[in-house]
Amino acid sequence: MRNILLMMVIVMITEGLYAQQAPMFTNYSNAYAMTNPGFYGLSDGVNINSIYRDQYTGFKDYATGTRVSPRTFLISADLPIPAALGGFGLSIVKDQLGFEDNIGVNLGYSYHLDLGAGTMGIGLALNLTNRAVDFTLARPLVDSDQAIPNDKQTDMLFDANLGVFYMIPETFYVAASVTSLLETKGKVLTGSATSSASFVGDRTFYLVAGYEYQFVNSLFKINPLMCLMSDIANTQFNVGLKGWYNDKFWVGLNYRYQESVAVMAGFSIKGLLLSYAYDINTMGIGLKGSHEVSLSYCFKLNLDKSPRIYRSARYL
């Protein structure tokens, strides 16, 4: 496993770029403020979300015993501002993978447009990411390998996120977005490196959708949902299903194509939603499962909204 990690670093450097795939959550419906600025302010209150993901729990570097499994922490908030004809949002994510440690901040605005029975948010966010790789922790197969720096490298990348999010409350939503749109290139890695490798933003595309089906018995409902995430080089497809009871308890499943199957559960108390997911690895290469905990709260606001005029009786 140590050799595999080193090979990944070497391959990325020799190709002239240093990029990391954007973090992925099993509770991806709680991470829209990070991946799609069009989502900002589409609810009727202040949304606060946090997620902690420990992927491939316990995976360590063979030589040093250092934890190298991906660990990601996200906190986000968004709220509608009627006077601004939309909403604002903020997200902060800390992502650790191997010898790499990234901290990203997104801050942006979404313009809201009433369309039919729903609302479309068109959003733009500033993306600021600090990337750091501690190459002193690497153990090259060849001593004094000139292709690998021998110190800690850091850089700040400025970029932008763009997204469109259409939602019919308590019925349906569909959205598309791109993060690190400009794919900003940072400084050239220094130290003993002889290549022109550098940090670079990881432009990533997202397509998500969800639906709410209410049974005749109002105590029960189900939420099918999906998420397609791609940086062109790699694509992940998720499809999930949540079953709710009395809007307080839910259980669900998520399938990530060729990667994992997750079991999920959660409960809601006075607007506070606690969710848990456990990913069962299906790749068959001996990696352990992944734990994910999410805590969300929505503080409802008493907003004055103008009555909506519908062109079709189906929306009445």
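Calculation notes
Residues numbered from 1 in each chain as written. Predicted model: local features only at pLDDT ≥ 70, side-chain atom pairs only at ≥ 80, totals over all residues. Heavy atoms only, no water. Helix = DSSP H or I, 4+ residues; strand = E, 2+ residues; numbered from the N terminus. Buried < 20%, exposed > 50% of the residue type's maximum accessible area, 1.4 Å probe, protein only. Contact = heavy atoms within 4.5 Å. Pairing = 2+ DSSP bridges. Core = buried A, V, L, I, M, F, W, Y, C linked by side-chain atoms within 4.5 Å. Phe/Tyr/Trp six-rings, centres within 6.5 Å; stacked < 30°, edge-to-face > 60°. Lys NZ or Arg CZ within 6 Å of the ring centre and 35° of its normal. Lys, Arg positive; Asp, Glu negative; His and termini not counted. Salt bridge = Lys/Arg side-chain N within 4 Å of Asp/Glu carboxyl O. Polar contact = N/O pair within 3.5 Å; in protein donor to acceptor, adjacent residues only side chain to side chain.

Here we take up the environment of Tyr278. Tracing the backbone through its elements, the reader meets Tyr278 in strand 16 (residues 272-281). The exposure class of Tyr278 is partly exposed, given its relative accessible area of 27%. In this structure, the C-alpha to C-alpha distance between Tyr278 and His291, residues 13 residues apart in sequence, is 4.9 Å. The residues contacting Tyr278, other than those within four sequence positions of it, are Val261, Ala262, Val263, Gly289, Ser290 and His291.

With that settled, the discussion passes to the pairing of strand 1 (residues 45-54). Burial runs high along strand 1: seven of the 10 residues are buried. Where strand 1 and strand 17 (residues 290-300) come together, 10 bridges link them in antiparallel fashion. Bridge pairing links Tyr52 to Val293 in strand 17. Note that strand 1 and strand 2 (residues 71-81) share eight bridges and pair antiparallel. In the sheet register, Ile51 faces strand 2, and the bridge partner there is Leu74.

Judged by nonpolar contacts, the single largest core of 18 residues is most densely connected at Tyr28, Tyr32, Phe39, Phe165, Met167, Tyr173 and Val208. Elements that contribute at least two residues to this core include exactly helix 2 (32-35), strand 6 (152-168), strand 7 (172-179), strand 10 (204-211) and strand 12 (220-230). Ranked by the residues each element gives to this core, the list is headed by strand 12, at three residues. With residues up to four places along the chain from it excluded, the contact list for Phe39 reads Tyr32, Ala33, Asp78, Phe165 and Met167.

Turning our attention to the packing of aromatic side chains. This model, assessed by the stated rule, comprises nine aromatic pairs. Ring pairing ties together the aromatic residues Tyr32, Phe39, Phe165 and Tyr173, which thus form one cluster. Positioned over the ring face of Trp250 is Lys242, at 4.5 Å from the centre of the ring.

Let's shift gears to the side chain of Asp78. Along the chain, Asp78 turns up in strand 2. Buried Asp78, no salt bridge; nearest opposite-charge side chain is Lys300, N-O distance 11 Å. Here Gly41 takes part through its backbone nitrogen, which lies 2.8 Å from a polar atom of the side chain of Asp78. When residues no more than four places from it in sequence are discounted, the contact partners of Asp78 are Phe39, Tyr40, Gly41, Leu42, Gly45, Val46, Asn47, Phe88 and Gly89.

In this section: the pattern of salt bridges. Here the idea is simple: oppositely charged side chains can pair when their charged atoms come close. Counting across every chain of the model gives 10 salt bridges. The salt bridge partner of Asp101 is Lys94, with a shortest N-O separation of 3.0 Å.

Across six bridges, strand 10 lies against strand 12 in antiparallel orientation. Paired with Val208 across the two strands is Cys227, which belongs to strand 12. Here strand 11 (residues 213-214) hands over to strand 12 after five residues, the two strands then running antiparallel side by side. Across 11 bridges, the pairing between strand 12 and strand 13 (residues 235-245) is antiparallel. Looking at strand 13, one finds that Asn223 is bridged to Lys242. Turn length for the strand 12-strand 13 hairpin, with the two strands adjacent in sequence and antiparallel, is four residues, and the turn residue Ile232 shows positive phi of about 75°.

Our focus in this paragraph is unusual backbone geometry. Of note, the phi angle at Ser180 is positive, near 50°, even though the residue is not glycine. Secondary-structure assignment places Ser180 in the loop between strand 7 and strand 8 (185-188). At Glu183, a position not held by glycine, the phi torsion is positive, near 50°. Inspection of the secondary structure puts Glu183 in the loop between strand 7 and strand 8.

Looking at the element boundaries, Ser110 is found in strand 4 (residues 100-115). Here Ser110 falls in the buried class, since its relative accessible area comes to 0%. One polar contact links the side chain of Ser110 to the main-chain carbonyl oxygen of Gly38, over a distance of 3.1 Å. Every residue in contact with Ser110, bar those within four places of it in the chain, is listed here: Pro37, Gly38, Tyr40, Leu85, Gly86, Gly87, Gly121, Ile122 and Gly123.

Read these as geometric descriptors, not functional statements.
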